[in-house]
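The lines below spell out each chain.
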Amino acid sequence: MELVDTPSLKAFEDVVVDRQVAGFDPSFWGDYFITNQKSQSEAWMNERAEELKNEAIAKALDHLKDVDMSKYGLYEVALHFRLLRQKGFNISSDVFKKYKDEGKFMEELKDDAKGLLSLYNAAYLGTKKETLLHEAISFTKDNLTSLLKDLNPTFAKLVSLTLKTPIQRSMKRIFTRGYIPIYQDEPTLNETIPELAKLDFNILQRLHQEELKEICTWWKNLNLDIMHLNFVRDRVVESFCWLMVIRPEPSCSRARLFATKLLMFITVLDDFYDSYSTLEESRLLTDAIQRWSSSAVDQLPEYLRDFFLKMLSTFQEFENELAPEETFRILYLKEHWKFQAQTYFKECQWRDDKYVPKLEEHMRVSIISVGFILFSCVLLSGMEEAMATEEAFEWFEGSPKIAEACGTIARITNDIASKEREQKRIHVASTVDCYMKEHGTSEDVACEKLLGFVEDAWKTMNEELLIATGLSREVTEVLLHFTQSTEVIYKHGDGFTEPDTSMKEIIFSLLVHPIPI
């Protein structure tokens, strides 16, 4: 992607520019996570959690080994299928053929709510060729919905929670927070399991609160002079929460901290290109990022210089934190960052030219601009050595099929969630706009068709997760977790951009309120 020649900065001196203003609302959270911390007996929680893990988890793993599923019913067969598929084992979906008669699922299954729910969750791990699993989704969803009013209240809560977001598409930590109170009401309750779950949740929450306090303090002290301009989203808490649900483990602490910092910079960068800049300013910033040198700051408009220098400084600070054998990661990360800026600039050109490309051309650019491939590499950069290998970064460089599927899901769900807000100002054509123009359809029809592409991309992801890459499975699962996060961020509007949405409730439940023990 080539840049046009860079104009002189003189064009920007003493010129009043009539700019667009996105008018983002201020952050709901302010200094809350800097000044408010809750204390718990962390030593006791860690000790008790360790005891319970040894007791509960070993039993669960032993039960799963070498089970002859011919002896079990639909609930167990579907659960076994899902657990193995989630671990990357390509178990055949033929195990469900015995539940069909003359091409349809058996009538007697319609009253088996527990089995239906298990099959519903298993079916979302299907690939494009597995038509049986595609049929299972509509069969189970329709029957569970009709049974809902007659189920016992505890199980009805679980069904409602899962119908809202199936397990394969839900973030583990969010699902856990919702499921713990449901499990407590189970008549066959194993008291060890909820106690362990609560302890584990609260221990991690305490760690995340400390990390978020550090991040909020860093962001406040960074004091970017661009932040007084109201085209910028101040979303540090939302950024941390987003990355925290993707990789909540203690071993990923460094990755979360660094990734949140860079996500804030990329958010400001995105807002600059998308909401505020003239095309000439965008060209200058894109060229400065390609040069990646503090000397390039002289070519930038005054209001961007502090941002640019602090961006370079943040990269350097992280590189200094890495061990010598880890510093190669920064080289890959800079190249992704440069390409991201070029992609943003291409969209600026489309915006100013009022160009509405065909959907295929749009997707080639916009699945990059949505940022999930960059975010994956940012998160990977802070991971442990066994995961963040040079081979892993090279794999991302090759634009693997699963990364394309991830970008497709993110781009389309982002565009559909943001379409009403972005129609209020001049904006680059979205995938919705492109489909409407190319096929002559209404907005509703375009959204429906595009959501069909999202479903196909999910099936592609499922298929790719069953293919050995020679890398740690955690590498490919980073893309899965980012894709799962679209259900949190974009399912009920743009939860990242709009502060007063369901995202606020999620942050309270994950980062503010511990689970009573």
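What you are looking at is a predicted structure, and each value in this text was computed from that prediction instead of being measured. (Residues numbered from 1 in each chain as written. Predicted model: local features only at pLDDT ≥ 70, side-chain atom pairs only at ≥ 80, totals over all residues. Heavy atoms only, no water.)

*Asks:* Tell me what's going on with the overall build of the protein chain, and back it up with residues and numbers.
*Replies:* The helix and strand inventory of the protein chain stands at 21 helices and 2 strands. Out of the 517 residues in the protein chain, the part that is buried amounts to 54%. Long-range contacts, defined here as pairs at least 24 residues apart, represent 76% of the contacts in the protein chain between residues at least 6 apart. (Helix = DSSP H or I, 4+ residues; strand = E, 2+ residues; numbered from the N terminus. Buried < 20%, exposed > 50% of the residue type's maximum accessible area, 1.4 Å probe, protein only. Contact = heavy atoms within 4.5 Å.)

*Asks:* Describe in detail the pattern of salt bridges, supporting the description with residues and values.
*Replies:* This structure, assessed with the given rule, holds 18 salt bridges. Notably, a salt bridge pairs Glu211 with Arg256, separated by 2.8 Å at the nearest N-O pair. With Glu211 in helix 8 (residues 192-222) and Arg256 in helix 10 (residues 253-276), the pair connects residues that are 45 residues apart, well separated along the chain. Note on Glu211: relative accessible area 3%, which makes it buried. Measuring nitrogen to oxygen at the nearest pair gives 3.0 Å for the salt bridge that ties Arg473 to Glu477. Highlighted residues: Arg473 and Glu477, both in helix 20 (residues 473-489), separated by 4 residues, approximately one helical turn. A residue is classified by how much of its surface remains accessible, and Arg473, at 25% relative accessible area, is partly exposed. Among the charged side chains, a salt-bridge network with shared partners connects Arg247, Glu249 and Glu474. (Salt bridge = Lys/Arg side-chain N within 4 Å of Asp/Glu carboxyl O.)

*Asks:* Can you explain a negative patch on the surface? Please cite residues and give values.
*Replies:* A grouping of Glu390, Glu391, Glu394 and Glu397 is seen on the molecular surface, where their side chains present a negatively charged patch. In this fold, Glu391 is placed in helix 16 (residues 390-397). Looking at Glu391, the relative accessible area reads 53%, which means it is exposed. (Patch = residues over 30% accessible without salt bridge, like charges linked within 9 Å, V, L, I, M, F, W, Y side chains within 5 Å. Areas by Shrake-Rupley, 256 points an atom, 1.4 Å probe, with all protein chains shown as cover. Lys, Arg positive; Asp, Glu negative; His and termini not counted. Charge placed at Lys NZ, Arg CZ, Asp CG, Glu CD.)

*Asks:* I'd like to hear about the side chain of Thr431, residue by residue, with values.
*Replies:* Structurally, the position occupied by Thr431 is in helix 18 (residues 431-439). Given a relative accessible area of 0%, Thr431 falls into the buried group. Within polar-contact distance, the side chain of Thr431 engages the side chain of Asp415 at 2.8 Å. Excluding anything up to four places from it in sequence, Thr431 contacts Leu359, His362, Met363, Ser366, Arg411, Ile412, Asp415 and Leu450. (Polar contact = N/O pair within 3.5 Å; in protein donor to acceptor, adjacent residues only side chain to side chain.)

*Asks:* Explain helix 9 (residues 236-246) to me, using residue names and the numbers behind them.
*Replies:* The buried fraction of helix 9 is high, at 11 of 11 residues. Of the residues making up helix 9, those classed as buried are Val236, Val237, Glu238, Ser239, Phe240, Cys241, Trp242, Leu243, Met244, Val245 and Ile246.

*Asks:* I'd love a proper account of the packing of aromatic side chains, names of residues and values included.
*Replies:* Counting across every chain of the model gives 26 aromatic pairs. The interplanar angle of 70° and the centroid separation of 5.1 Å between the aromatic rings of Phe81 and Phe96 together place this pair among those described as edge-to-face. Of this pair, Phe81 sits in helix 3 (residues 74-86) while Phe96 sits in the loop between helix 3 and strand 1 (100-101); the two residues are 15 residues apart in sequence, bridging distant segments of the chain. No difference in accessibility class separates Phe81 from Phe96, as the two residues are buried. Pairing Phe265 with Phe307 gives two aromatic rings, centres 5.7 Å apart and planes at 45°, and the pair type is tilted. (Phe/Tyr/Trp six-rings, centres within 6.5 Å; stacked < 30°, edge-to-face > 60°.)

*Asks:* An account of the nonpolar core is requested, with residue identities and associated values reported.
*Replies:* If you look at the biggest cluster of nonpolar residues, it comprises 120 residues, and the most contacted ones within it are Tyr273, Ile289, Phe308, Met311, Trp337 and Phe482. No other element matches helix 10, which puts 14 residues into this core. Apart from residues lying up to four places away in sequence, Phe308 is in contact with Leu285, Ala288, Ile289, Ser293, Ala296, Val297 and Leu300. Counting 34 residues, the second largest nonpolar core, distinct from the first, contains Ile91, Phe96, Leu116 and Leu158. (Core = buried A, V, L, I, M, F, W, Y, C linked by side-chain atoms within 4.5 Å.)

*Asks:* Go over the environment of Phe328, please, and point to the residues and values.
*Replies:* Secondary-structure assignment places Phe328 in helix 13 (residues 328-353). With 53 residues separating them along the chain, Phe328 and Ser381 place their C-alpha atoms 9.3 Å apart. Residue contacts for Phe328: discarding those within four places in its chain leaves Ala388, Thr389, Glu390 and Phe393.

*Asks:* Go over the side chain of Gln299, please, and point to the residues and values.
*Replies:* When you line up the elements, Gln299 lands in the loop between helix 11 (279-291) and helix 12 (302-321). Classification of Gln299 by relative accessible area gives buried; the value is 14%.

*Asks:* So what's going on with unusual backbone geometry? Which residues, and what values?
*Replies:* With glycine set apart, most residues show a phi of negative sign, and most peptide bonds adopt trans. Phi is positive for Lys354, which is not a glycine, with a value near 55°. Along the polypeptide, Lys354 turns up in the loop between helix 13 and helix 14 (359-369). A residue is classified by how much of its surface remains accessible, and Lys354, at 70% relative accessible area, is exposed. With phi around 50°, Ser399 is a residue other than glycine that occupies positive phi space. As for its position among the elements, Ser399 is in the loop between helix 16 and helix 17 (401-422).

*Asks:* An account of the environment of Lys157 is needed here, citing residue identities and associated values.
*Replies:* Within the secondary structure, Lys157 sits in helix 6 (residues 153-164). Judged by relative accessible area, which is 46%, Lys157 ranks as partly exposed. With sequence-adjacent residues up to four places away left out, Lys157 is seen in contact with Ile182 and Asp185.

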